[in-house]
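# Summary of structural features
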Amino acid sequence: VGWNDSGDDGFFVWGNGVFSNKEWIKPNEFGIIEYDGEFYYIPSCSQANENNNDPIVQNMKMYEYVPDDTVNMYDFLSLVDDVFAENGLITVSFGIATIFRDIIFGSTSYFPLLFIFGPNMTGKTTLAKNAMLLFMKNSQMTNIGSSSFAGLSRLLSMLSNMPVLLNEYFDTVGLKKIDMFKGIFEGTGRIMSSENNDSFTQFTAKCSLILTGQDLP
């Protein structure tokens, strides 16, 4: 899900369709689109996966493009500024920068992580969700502590120029997960290739990462 540089100009994949050259392409009932003479499959758009509870399919469905003309970007940013001031504008700017992650990474060889930390009930998650709302109608987050290493790896590897919001960061999450987060910064990583966690396949991290929690990393 996200940026795909296939074809002459590339295209942006959402959980419910594809944008290419300002054109919205709706997949057929099998989740297939034709682009530049090639066929691409989007699992979340297939009727066969309507009741599929696989986490990858469900996560793809969350990144859904839903046009909304009732609020423009100026009004949205004004509201964010009224509530969160500079912190809000930085967070939304991070979301916008994520759209161009491949370009930024190509110039710097890294892409920053966004850490939002502070005491409980201070609006950290609400702040982070403002960036996620650029990419999904109902902003979702994943709890770091209750998620397996394999599950997080699968989630992070399925996105390109899209953000992931991970909640409840603590310094005690374990070195393996912290090493994974460093890999997102550096554009590297690893993904489990089996459910019993006994083997790995390398992947190139192409998403951005927002972490919220009470600990300062």
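Since the model is a prediction, treat every value here as computed from it, not as a measurement. By convention here, each chain's residues receive numbers from 1 onward along its written sequence. Only residues with pLDDT of at least 70 are given local features in this predicted model, and only at 80 or more are side-chain atom pairs given and counted; all residues enter the totals for whole chains, interfaces and linings. The basis for every side-chain value is the complete set of heavy atoms in the structure, and neither hydrogens nor water enter the calculation.

### So, the overall build of the protein
A run of H or I in DSSP becomes a helix once it reaches four residues, and a run of E becomes a strand once it reaches two; helices and strands are each numbered from the N terminus. Helices and strands together make up the secondary structure of the protein, namely 6 helices and 12 strands. Reported as C-alpha extents along the three principal axes, the dimensions of the protein are approximately 50 × 50 × 40 Å. Split into buried and exposed, the 217 residues of the protein put 42% on the buried side. Contact definition: two residues touch when any of their heavy atoms are within 4.5 Å. In the protein, 63% of the contacts between residues at least 6 apart in sequence involve partners at least 24 apart. A 1.4 Å probe and the Shrake-Rupley method give the accessible areas. Residues count as covered only by the protein chains that appear here. A total of about 11900 Å² of accessible surface is found on the protein, and carbon and sulfur atoms cover 52% of it. Both charge centroids of the protein, one from 13 positive and one from 25 negative side chains, sit 8 Å from each other. Only protein chains enter the calculation, and the probe is 1.4 Å; a residue is then buried if its accessible area is under 20% of its type maximum, exposed if over 50%, and partly exposed in between. Residues scored as charged are limited to Lys and Arg (positive) and Asp and Glu (negative), so that His and the chain ends carry no count. Taken as the charge location is NZ of Lys, CZ of Arg, CG of Asp or CD of Glu.

### Observations concerning a negative patch on the surface
Distance thresholds for patches are 9 Å for like charges and 5 Å for nonpolar side chains (Val, Leu, Ile, Met, Phe, Trp, Tyr), applied to residues having over 30% relative accessible area and no salt bridge. For this document, the term salt bridge refers to a Lys or Arg side-chain nitrogen within 4 Å of an Asp or Glu carboxyl oxygen. On the surface, a cluster of negative charge is contributed by Asp-8, Asp-9, Glu-34, Asp-36 and Glu-38. With respect to the helices and strands, Glu-38 occurs in strand β6 (residues 38-46).

### A look at the packing of aromatic side chains
The criterion for an aromatic pair is that two Phe, Tyr or Trp rings (for Trp, the six-membered ring) have centres within 6.5 Å, with stacked assigned to planes under 30 degrees apart, edge-to-face to planes over 60 apart and tilted to the rest. Considering all chains together, one arrives at 10 aromatic pairs under this definition. Judged by centre distance (5.7 Å) and plane angle (50°), the ring pair of Phe-94 and Phe-111 falls under tilted. Of the two residues, Phe-94 is situated in helix α2 (residues 73-99) and Phe-111 in the loop between α3 (101-108) and β7 (114-117); the sequence distance between them amounts to 17 residues. With respect to burial, Phe-94 and Phe-111 carry one shared label: buried. Measuring from ring centre to ring centre gives 6.0 Å for Phe-115 and Tyr-169, while their planes differ by 70°; the resulting arrangement is edge-to-face. On the criterion of sequence distance, the pair formed by Phe-115 in strand β7 and Tyr-169 in strand β9 (residues 160-169) is long-range, its members being 54 residues apart. For Phe-115, a relative accessible area of 33% translates into the label partly exposed. By the ring-pair criterion, three or more aromatic residues cluster together here, those being Phe-12, Trp-14, Phe-19, Trp-24 and Tyr-65. Only when the NZ atom of a Lys or the CZ atom of an Arg is both within 6 Å of the ring centre and within 35 degrees of the ring normal do we say a charge sits over the ring. Stacked on the ring of Phe-105, the Lys or Arg Arg-101 has its end atom at 4.8 Å from the ring centre. The positively charged end of Lys-176 is found above the aromatic ring belonging to Phe-149, 5.0 Å away from the centroid.

### Points about unusual backbone geometry
Of note, the phi angle at Asp-36 is positive, near 55°, even though the residue is not glycine. On the secondary structure map, Asp-36 appears in the loop between β5 (30-35) and β6. Exposure remark for Asp-36: the relative accessible area of 45% places this residue in the partly exposed category. Of note in this structure, Ser-109 is not a glycine but carries a positive phi near 65°.

### Thoughts on helix α1 (residues 55-62)
For α1, the complete set of buried residues consists of Ile-56, Val-57, Asn-59 and Met-60. All buried residues of α1 project into a common sector of 165° when viewed along the axis, lining one side. Packing partners of the buried residues in α1 comprise β6 and α5 (149-157). By the criterion applied in these results, polar contacts are pairs of N or O atoms within 3.5 Å in which, for protein atoms, one can donate a hydrogen and the other can accept it, and in which residues neighboring in sequence qualify only through two side-chain atoms. A distance of 2.9 Å separates the backbone nitrogen of Ile-56 from a side-chain oxygen at the start of α1, and that oxygen is part of Asp-54. The arc in question is formed by the directions pointing from the helix axis toward the C-beta atoms.

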